[in-house]
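# Descriptive structure summary
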Amino acid sequence: MIRFIGEPLISSSSSASPVWNTRIATAFPGAGVVVTVPGIHATQRWVYVDEVAGQRRAEGLATLTEQERLQIALEAVDLLVDGDTVLIRPNPSRMDLAFATDEMLQELVPRTQIKFLFARVADVREAICRRGEAWRIQPLPRSTEEMCRLIQTSRIAAGGQPIYYYCAVHGTRILTCDQFVRIARMSDEALRLHLVEIATLTRRQNDRGWPELALLVSDANLSGAELVPRELATLDGPAVRQAHSSACQRLVTATPTQFQQDDLDNSAWRNRMYRTLIAQDDDTITDEDLLGLSDEYFMQIHWLPGARIEDEELIFDTTPSDHPASSAIVHELICNLMREYDGIEFINMGRIIRSLSRRVATGGRREVYVAHFRPRGSACDQLHMIRFLKWGVRERLDDGKSMLQAMRESEEYTDYLLDRRLGCRQLGMKLASRIWIRKIQELYEGSQRSLVGQTIWSPYVERDYIPGVASDKVPHVKLKSATYAQQLARALGRAAAPNLIVGRASPTGQVVFDDGDELLTEGTNGRITDAVVADPTGSFMSFKADLALDAPAYAAVIQRRLPYLADCDSFIHDFLAAFTTRFEHIQSSYRCRRKAYDTLFGHRRRDPAGNLAHRWAMVLARLDRSDPKALAQIIRNSV
């Protein structure tokens, strides 16, 4: 039972949400005490120390020495209340106190309402992750739409135009490189007024001790005060413009390319601005910080209760999730990992809350999970992506199939996907280096009432995480670099050739390419090395029509980037040259080893209705008769 010194942390209330009496508290888990008297954490510590000293005097015991008083104070843990969540601010060297406080607070609120701060500190992050509780240090994800809305509504003015973004947490106005450059469009007098305003604000601090104005992600050697001098108010129009032009050059040079333009579609810029506006950099952690995920995963992972291993025993986090079905799935996924590996030290499981592809969903199962774990004895963590097959037993039962038929068709579909992957790789498509096909047990809860409650087996694909940025999410500002544009054009051209050959298309016949599955991998120098297809969805869907009919769709790869390119002709040339070279290489490889290709699926029965063995034969025949240069010309004519 927790004893409070001061008001109880939570008022007794019949409402669903707790009513908090304070935002600052200090816990002494060893004594089961929480101090809530008004003040700061330091004064709350000494309130408890003084109480202990008073009790000793009343009992006739020796007076506490200064060392003993200090030792009692060091056994405390800081608490903060934010919304309906209690935040534990741990001492990195005493994580045992933080975890003891966590258990104590669970007498008051569920674990889902207790989080840890300072997760950027390596010792804190390590201790929490080893408990399989990454979800305890991650705020609930927010949608991309909500992030964009916050950024848009944060635009404010100080005295002139709304050229700033306002961080309400710190009370600081954020000035971006793009907004600073844009004020050149104003009249001489308006430009002067805004520059004087910027010069003034950059030299002030608000009553919270934070700067009134700060630059977004500029070089640390360039401050706002250095950017705009004080004496601008005394200059004439041409001199003001010259001073602004010089400042723009300095700011552009000091700002990384991906942050030079305000672009909500640029995930790197959007995420950085979002984190700045909510002061995310203080002492919380995000998914990409924890795992090294790319920007498109920012705030898109909902961490779920995981598991840890203590004394060779697997201990599940039993906290109910917001999604009970997900909890059962996670339990099964963790068990599968434990069966696969000789030993695992911890496992963190998260669910991707929305599709990262721009492709329109066409039905079927869409769940995607991420598994973060460390094999025993390994110095490195592993990161796996888990995607359930769209058409498993559950989905076929919902279509009215019998249990036997649903299970049989599910197995056939799994084999089809594996054969499809083999075919794609044989025809030159770059894929994830390895995948695993596994199943979990679930209870059927679908539309066939007579089968509700029966056990079914749901298949999923597990693969290593592929570090890289999706080709359709490359920041537009990067395309201004001739070198980067050339690398991108060549990578996409090489990837487009096998994509066209295998006939990647949607069920409605639309070509599938450059929409989220192509991941651009980079070398240590930032140079694009290749485009890897994370999921070859839709491959061999288009296998009858001549390739000349699908070729025009690949012009869209070029068209949507033209407005952002410094040299459009070079981009077109590089894309088509890479496309042609790659297509010719694949075609030559087939013609030189025709028998090996033709017999790849010779052990499969060929069904003219359209199984993979039949589609494979049709695709090879089409490849043999195609003219790569003619196809490239069709794409060029369609741009």
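Structural notes, computed from the coordinates. From a predicted model like this one, the values you see are computed outputs, not experimental measurements.

Across soluble globular proteins, nonpolar side chains show a tendency to be buried alongside one another. Grouped together as the largest cluster of nonpolar side chains are 51 residues, with contacts concentrated most on Leu427, Phe575, Phe579 and Phe583. Among the elements that take part in this core, helix H15 (residues 482-501) stands out by supplying 11 residues, more than any other. Excluding residues within four positions of it along the chain, Phe579 makes contact with Gly493, Arg494, Ala496, Ala497, Leu500, Pro628, Leu631, Ala632 and Ile635.

Moving on to the packing of aromatic side chains. Per the counting criterion, the structure on display carries 11 aromatic pairs. A centroid spacing of 6.0 Å and a plane angle of 70° characterise the contact between Tyr165 and Trp269, whose relative ring orientation is edge-to-face. Here Trp269 lies in helix H10 (residues 267-277) and Tyr165 lies in strand E10 (residues 164-167), a separation of 104 residues in the sequence. A single burial state applies to Tyr165 and to Trp269, both of which are buried. A centroid spacing of 5.4 Å and a plane angle of 80° characterise the contact between Tyr590 and Tyr597, whose relative ring orientation is edge-to-face. Its relative accessible area of 5% is what places Tyr597 among the buried residues. Among the aromatic residues, those joined into a ring-pair cluster are Tyr369, Phe388 and Tyr460. Over the ring of Phe99 we find Arg131; its NZ or CZ atom is 4.0 Å from the centre of that ring. Over the face of the ring belonging to Tyr165 we find Arg155, whose NZ or CZ atom lies 5.3 Å from the ring centre.

Here we take up unusual backbone geometry. Positive phi, close to 60°, is recorded for Asp514, a residue that is not glycine. Tracing the sequence through the fold places Asp514 in the loop between H15 and strand E21 (518-522). Positioned with a positive phi, Phe540 is a non-glycine residue whose angle comes to about 65°.

A few words now on the sheet that holds strand E17 (residues 382-388). Strand order in this open sheet of 7 strands is E14-E13-E15-E16-E17-E19-E18, and the pairing throughout is antiparallel. The open sheet has two edge strands, strand E14 (313-316) and strand E18 (435-443), and neither has a second partner. Taking each pair of neighbouring strands and ignoring which way they run, the sheet shows an average axis angle of 25°. Bridge count for E18 against strand E19 (residues 455-464) is 9 bridges, and the pairing is antiparallel. Paired with Gln441 across the two strands is Trp457, which belongs to E19.

Between its first and last C-alpha, helix H1 (residues 41-58) extends 26 Å over 18 residues, near the 26 Å set by a 1.5 Å rise per residue. The set of residues buried in H1 consists of His41, Gln44, Arg45, Tyr48, Val49, Val52 and Ala53. The secondary structure elements touched by the buried residues of H1 are strand E1 (3-5), strand E4 (24-28), strand E5 (33-35), helix H2 (66-73), strand E6 (77-82) and strand E7 (85-89). Backbone geometry just downstream of H1 places Gly60 in the positive-phi region, at approximately 75°.

Note that Asp50 resides in helix H1. The exposure class of Asp50 is partly exposed, given its relative accessible area of 41%. On a C-alpha basis, the gap between Asp50 and Arg69 in space is 8.5 Å, while along the polypeptide they are 19 residues apart. Of note is the side chain of Asp50, whose polar atom sits 2.9 Å from the side chain of Arg69.

Spatially, the 6 strands line up as an open sheet ordered E1-E5-E4-E6-E7-E8, and their pairing is mixed. Edge positions in the sheet fall to E1 and strand E8 (114-116), since each has one partner strand and no second. Taking the axes of each pair of neighbouring strands and ignoring which way they run, one obtains an average angle of 30° across the sheet. Inspection of the sheet shows E7 paired to E8 by 3 bridges, in the parallel sense. Along E8, the bridge assignment pairs Val86 with Ile114. Lying on the sheet, H1 is in contact with E1, E4, E5, E6 and E7; it crosses E4 at an angle near 40°.

Of all 8 residues in strand E16 (residues 368-375), 8 are buried, a share of seventy percent or more. Every second residue of E16 is oriented toward a common face, with Val368, Val370, His372 and Arg374 on one face and Tyr369, Ala371, Phe373 and Pro375 on the other, all of them buried.

Another aspect to go through is the pattern of salt bridges. Side-chain pairs of opposite charge can arise where the charged atoms are in close proximity. Evaluation of the coordinates by the stated rule reveals 37 salt bridges. Among the ionic pairs, Arg408 bridges to Glu412, the shortest N-O distance being 3.3 Å. With Arg408 and Glu412 both in helix H14 (residues 403-426) and 4 residues apart, the pair spans about one turn of that helix. Of the residues examined, Glu412 reaches a relative accessible area of 45% and is grouped as partly exposed. In this structure, the salt-bridge partner of Asp464 is Arg434, at a minimum N-O distance of 3.0 Å. With a gap of 30 residues between them, Asp464 in strand E19 and Arg434 in the loop between H14 and E18 connect regions that are remote in the sequence.

Quick notes on the rules
Residues numbered from 1 in each chain as written. Predicted model: local features only at pLDDT ≥ 70, side-chain atom pairs only at ≥ 80, totals over all residues. Heavy atoms only, no water. Core = buried A, V, L, I, M, F, W, Y, C linked by side-chain atoms within 4.5 Å. Buried < 20%, exposed > 50% of the residue type's maximum accessible area, 1.4 Å probe, protein only. Helix = DSSP H or I, 4+ residues; strand = E, 2+ residues; numbered from the N terminus. Contact = heavy atoms within 4.5 Å. Phe/Tyr/Trp six-rings, centres within 6.5 Å; stacked < 30°, edge-to-face > 60°. Lys NZ or Arg CZ within 6 Å of the ring centre and 35° of its normal. Pairing = 2+ DSSP bridges. Axes fitted to C-alpha atoms, helices over the stretch in contact; angles between N-to-C directions. Expected span 1.5 Å × (residues − 1). Polar contact = N/O pair within 3.5 Å; in protein donor to acceptor, adjacent residues only side chain to side chain. Salt bridge = Lys/Arg side-chain N within 4 Å of Asp/Glu carboxyl O.

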